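Residues per chain are reported as follows:
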Amino acid sequence: MTRTQRIEARLRDAFQPRLLEVVDESERHRGHAGYQDGGESHFHVTIAADAFAGLSRIARHRAIHAALGKELVAEIHALGLSVSD
(Lines give C-alpha, C1' and ligand atoms only; values in the text may rest on other atoms or scores of the structure.)
Protein backbone atom coordinates (compact mmCIF):
# COMPACT_ATOMS: atom_id res chain seq x y z
CA MET A 1 0.00 0.00 0.00
CA THR A 2 1.39 3.42 -0.95
CA ARG A 3 1.69 6.30 1.51
CA THR A 4 -1.11 8.08 -0.32
CA GLN A 5 -3.37 5.05 0.13
CA ARG A 6 -2.39 4.71 3.78
CA ILE A 7 -3.17 8.40 4.43
CA GLU A 8 -6.54 8.08 2.70
CA ALA A 9 -7.48 4.88 4.55
CA ARG A 10 -6.56 6.19 7.99
CA LEU A 11 -8.38 9.49 7.51
CA ARG A 12 -11.51 7.78 6.12
CA ASP A 13 -11.54 5.34 9.04
CA ALA A 14 -11.06 8.07 11.64
CA PHE A 15 -13.34 10.81 10.34
CA GLN A 16 -15.76 9.43 7.69
CA PRO A 17 -15.22 12.62 5.66
CA ARG A 18 -17.67 14.06 3.13
CA LEU A 19 -14.66 15.27 1.18
CA LEU A 20 -11.16 13.84 1.16
CA GLU A 21 -8.46 14.71 -1.31
CA VAL A 22 -4.85 13.62 -0.83
CA VAL A 23 -2.45 15.15 -3.34
CA ASP A 24 1.17 14.06 -3.66
CA GLU A 25 3.01 17.34 -4.31
CA SER A 26 6.47 15.79 -4.10
CA GLU A 27 7.46 16.47 -7.69
CA ARG A 28 7.06 20.21 -7.05
CA HIS A 29 9.83 19.87 -4.44
CA ARG A 30 12.40 18.00 -6.53
CA GLY A 31 15.86 19.19 -5.50
CA HIS A 32 14.66 20.57 -2.16
CA ALA A 33 15.13 19.20 1.33
CA GLY A 34 13.11 16.10 2.07
CA TYR A 35 12.49 15.14 -1.55
CA GLN A 36 12.58 11.38 -2.06
CA ASP A 37 12.97 9.62 -5.39
CA GLY A 38 9.62 8.10 -6.27
CA GLY A 39 7.69 10.87 -4.53
CA GLU A 40 5.34 10.45 -1.60
CA SER A 41 7.29 12.85 0.62
CA HIS A 42 5.21 16.05 0.30
CA PHE A 43 1.41 15.97 0.56
CA HIS A 44 -1.54 18.29 0.73
CA VAL A 45 -4.77 17.00 2.29
CA THR A 46 -8.15 18.63 1.91
CA ILE A 47 -10.71 17.14 4.26
CA ALA A 48 -14.24 18.04 5.39
CA ALA A 49 -15.95 16.06 8.15
CA ASP A 50 -18.52 16.62 10.87
CA ALA A 51 -15.93 15.36 13.36
CA PHE A 52 -14.12 18.71 13.11
CA ALA A 53 -17.12 20.82 14.15
CA GLY A 54 -16.30 23.01 17.13
CA LEU A 55 -12.57 22.21 17.07
CA SER A 56 -9.91 24.88 16.73
CA ARG A 57 -7.50 24.75 13.79
CA ILE A 58 -4.79 23.35 16.07
CA ALA A 59 -7.12 20.69 17.50
CA ARG A 60 -8.11 19.65 13.97
CA HIS A 61 -4.48 19.31 12.91
CA ARG A 62 -3.65 17.34 16.06
CA ALA A 63 -6.58 14.99 15.41
CA ILE A 64 -5.37 14.37 11.86
CA HIS A 65 -1.80 13.69 13.02
CA ALA A 66 -3.11 11.30 15.68
CA ALA A 67 -5.23 9.46 13.10
CA LEU A 68 -2.26 9.09 10.77
CA GLY A 69 -0.04 7.80 13.57
CA LYS A 70 3.51 8.70 14.51
CA GLU A 71 5.13 6.17 12.19
CA LEU A 72 3.35 7.43 9.07
CA VAL A 73 3.83 11.09 9.98
CA ALA A 74 7.56 10.38 10.42
CA GLU A 75 7.72 9.10 6.81
CA ILE A 76 6.30 12.35 5.42
CA HIS A 77 8.53 15.38 4.98
CA ALA A 78 5.73 17.93 4.50
CA LEU A 79 1.98 17.77 5.14
CA GLY A 80 -0.25 20.68 4.23
CA LEU A 81 -3.80 20.62 5.58
CA SER A 82 -7.04 22.32 4.56
CA VAL A 83 -9.65 21.24 7.11
CA SER A 84 -13.33 22.12 7.44
CA ASP A 85 -16.41 20.75 9.16
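Residues numbered from 1 in each chain as written. Predicted model: local features only at pLDDT ≥ 70, side-chain atom pairs only at ≥ 80, totals over all residues. Heavy atoms only, no water.

Draft legend 1. Representation of the overall build of the protein chain in the model. Within the protein chain one finds three helices and three strands. Shown N-terminal to C-terminal, the secondary structure of the protein chain runs as helices and strands in the order α-β-β-α-α-β. For the protein chain, the proportion of its 85 residues judged to be buried stands at 34%. Of the contacts formed within the protein chain by residues at least 6 apart in sequence, a portion of 63% connects residues at least 24 apart. Put simply, the protein chain shows about 5000 Å² of open surface, and 49% of that area lies on carbon and sulfur atoms. (Helix = DSSP H or I, 4+ residues; strand = E, 2+ residues; numbered from the N terminus. Buried < 20%, exposed > 50% of the residue type's maximum accessible area, 1.4 Å probe, protein only. Contact = heavy atoms within 4.5 Å. Areas by Shrake-Rupley, 256 points an atom, 1.4 Å probe, with all protein chains shown as cover.)

Draft legend 2. Quick look at the nonpolar core. Residues I7, L11, F15, V45, I47, F52 and I64 are the most contacted members of the largest nonpolar core, which totals 16 residues. Those elements giving two or more residues to this core turn out to be α1 (3–15), β1 (19–24), β2 (42–48), α2 (57–68) and β3 (78–84). (Core = buried A, V, L, I, M, F, W, Y, C linked by side-chain atoms within 4.5 Å.)

Draft legend 3. Highlighting α1. Along its 13 residues, α1 runs 18 Å from first to last C-alpha, staying within 8% of the 18 Å computed at 1.5 Å per residue. Inspection of α1 places R3, T4, R6, I7, L11 and F15 among the buried residues, and these make up the whole buried set. Axial view of α1: buried residues confined to an arc of 165°, hence all on one face. Its buried side turned inward, α1 meets β1, β2, α2 and α3 (70–75). Just downstream of α1 lies Q16, where phi reads positive at about 45°. (Expected span 1.5 Å × (residues − 1). Arc of directions from axis to C-beta.)

Draft legend 4. Region of the structure containing the environment of L11. Position of L11 relative to the elements: it lies in helix α1. For L11, a relative accessible area of 0% corresponds to the buried category.

Draft legend 5. Representation of unusual backbone geometry in the model. A positive phi angle, near 45°, is found at Q16, a position not held by glycine. Here Q16 lies in the loop between α1 and β1. On the basis of relative accessibility, which here comes to 57%, the residue Q16 falls in the exposed class.

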